[in-house]
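Observations on the model geometry
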Amino acid sequence: MNTIPNAFSVKILYRDFKEITKAGLSISVVFSSIAGYFLGILDLASFSISTLLLLIIGGYCMVGASNAYNQIIEKDLDLLMDRTKNRPVASGRMSVTTAFWLASILTLVGLVILYSINPKTAMFGAISIFLYTSVYTPLKTITPLSVFVGAIPGAIPFMLGWVAATNDFSLEAGTLFLIQFFWQFPHFWAIGWFLYDDYKKAGFFMLPTGKKDKSTALQIILYTIWLIIASLLPALFPYMGIVGSRLYLTPWAAIGVLILGIWMLYYAFKLYHKRDAISARKLMLVSVSYITLLQLIYIADKFLR
């Protein structure tokens, strides 16, 4: 008879752990780090399963901790929004103390694991969690510039994989950072657009003008163009006088990346013309596909050429 409540409790704890660490988001972020790692290694002979596992576990701990701290800080605001009111801390299923200890343990474990890869990886992981929890989260109710600040920790994972593989922050790592940095803007502004009314309940300023207007839509287009340019930089390095770069795109891969960019830009223009929640949601979904497919193209081009 006692096994039923115990099993139920374990199921609830597992569900709450997934929710407070935002498992879906955390896994997608870790995927970016994995992509960066494969781009950073010299070849498959340099691949280390132990390093990759440490990166995955340590990366998940750091992202999960950031999300847990965020839900502690925003617990009262989460109650005001339909999409967040059932989160573990906001709903009262998990106490603030429990959530804080969980976040702290994840932070400590994550930093130790990333440090075991190399100190630079741990340093960037620490910068990411600090900016997300201590700067980005408080700014969300103050200024639309919070998205700019949040784009910095959001762009670190792709670069983090490269640093884990090379123990070096280089032009290549900076390029990976730049790609995911510019990607954040159309992605999160699209989310801010179709969830505008829900965000408004909590007083979050997510759109650059604070409104669902042409100016915001135009900025989404402009940042999408910057994203396309950044994504094509590895193919342009030889023409820029940069030789010997380990991050390189062949012409065929560059065409694939350009097609992805045009696809995303098309939906950015659709949002500009229609300015509705449906177009914003479609752009958000396309942006997720864009960054995933781009990373797969980069990896395939590296190992198939």
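Because the structure is a prediction, the values reported are computed rather than measured.

1. Topic: the packing of helix 7 (residues 119-139) against helix 8 (residues 146-166)
In the contact formed by helix 7 and helix 8, the axes pass within 9 Å of each other and the chain directions differ by 165 degrees. With respect to helix 8, the element helix 7 is oriented roughly antiparallel. In the crossing of helix 7 with helix 8, the sense of the turn from one axis to the other is left-handed. The segment helix 7 lies against helix 8, with K120, T121, F124, G125, I127, S128, L131, Y132, V135, Y136 and L139 engaging S146, V149, G150, I152, P153, I156, M159, L160, V163 and A164. Of the residues contributing to the contact of helix 7 with helix 8, the split by class is 15 nonpolar, 5 polar and 1 charged.

2. Remarks on the environment of I41
Along the chain, the position of I41 falls in the loop between helix 2 (23-40) and helix 3 (49-73). C-alpha separation for the pair I41 and A164, spaced 123 residues apart in sequence, amounts to 9.2 Å. Apart from the residues within four sequence positions on either side, I41 is in contact with S46, F47, A165, R246, K302 and F303.

3. Re the packing of helix 8 against helix 9 (residues 171-194)
Axis angle and axis distance: for two packed helices, these are the angle between their axes and the distance between the axes, and together they describe the pair. Their axes nearest at 7 Å, the elements helix 8 and helix 9 cross at an angle of 140 degrees. Judged on the interaxial angle alone, helix 9 and helix 8 are oblique. Where helix 8 crosses over helix 9, the handedness of that crossing is right-handed. Between helix 8 and helix 9, the contacting residues are V147, F148, G150, A151, I152, G154, A155, I156, F158, M159, W162 and V163 on the first element and E172, A173, L176, F177, Q180, F181, Q184, F185, F188 and W189 on the second. Its residues placed into classes, the contact of helix 8 with helix 9 shows 17 nonpolar, 4 polar and 1 charged.

4. Regarding the side chain of S128
If you trace the backbone, S128 turns up in helix 7. We classify S128 as buried; its relative accessible area is 16%.

5. Some remarks on the pattern of salt bridges
The full count for this structure, using the stated rule, is 10 salt bridges. Across the pair R93 and D16 runs a salt bridge, and its minimum N-O distance is 2.9 Å. Within this pair, whereas R93 is found in the loop between helix 5 (88-91) and helix 6 (96-117), its partner D16 is found in helix 1 (residues 3-20), the two being separated by 77 residues in sequence. Relative accessible area serves as the criterion here: at 4%, D16 is assigned to the buried category. For K201, the salt bridge goes to D198, with nearest N and O atoms at 3.6 Å. Separated by 3 residues within a single helix, K201 and D198 lie in helix 10 (residues 196-202), roughly one turn from each other. Given the relative accessible area of 43%, K201 is considered partly exposed. Given a relative accessible area of 11%, D198 falls into the buried group. Here the residues in one salt-bridge network are R15, D16, E19 and R93, joined through shared partners.

Cut-offs used in this document
- Sequence order sets the numbering: in each chain, residues are counted from 1 along the sequence as written.
- Only residues with pLDDT of at least 70 are given local features in this predicted model, and only at 80 or more are side-chain atom pairs given and counted; all residues enter the totals for whole chains, interfaces and linings.
- With hydrogens and water set aside, each side-chain value is computed from the structure's full complement of heavy atoms.
- Fitted lines through C-alpha atoms give the axes, limited to the stretch in contact for helices. The angle between two N-to-C directions lies from 0 to 180 degrees.
- To qualify as a helix, a DSSP run of H or I must reach at least 4 residues; to qualify as a strand, a run of E must reach at least 2; elements of each kind are numbered from the N terminus.
- Working definition: roughly parallel below 35 degrees, roughly antiparallel above 145 degrees, roughly perpendicular at 65 to 115 degrees, and oblique for all remaining angles.
- In this scheme, a crossing is called left-handed if the near helix is turned counterclockwise away from the far one by less than a right angle; it is called right-handed if the turn is clockwise.
- For this analysis, residues touch if any pair of their heavy atoms sits within 4.5 Å.
- In the scheme used here, Gly and all other residues not listed as nonpolar or charged are polar, with Ala, Val, Leu, Ile, Met, Phe, Trp, Tyr, Cys and Pro taken as nonpolar and Asp, Glu, Lys and Arg as charged.
- Categorising residues by exposure relies on relative accessible area from a 1.4 Å probe, with only protein chains included: less than 20% of the type maximum marks a residue as buried, more than 50% marks it as exposed, and the intermediate range marks it as partly exposed.
- Think of a salt bridge as a Lys or Arg side-chain nitrogen and an Asp or Glu carboxyl oxygen that are within 4 Å of each other.

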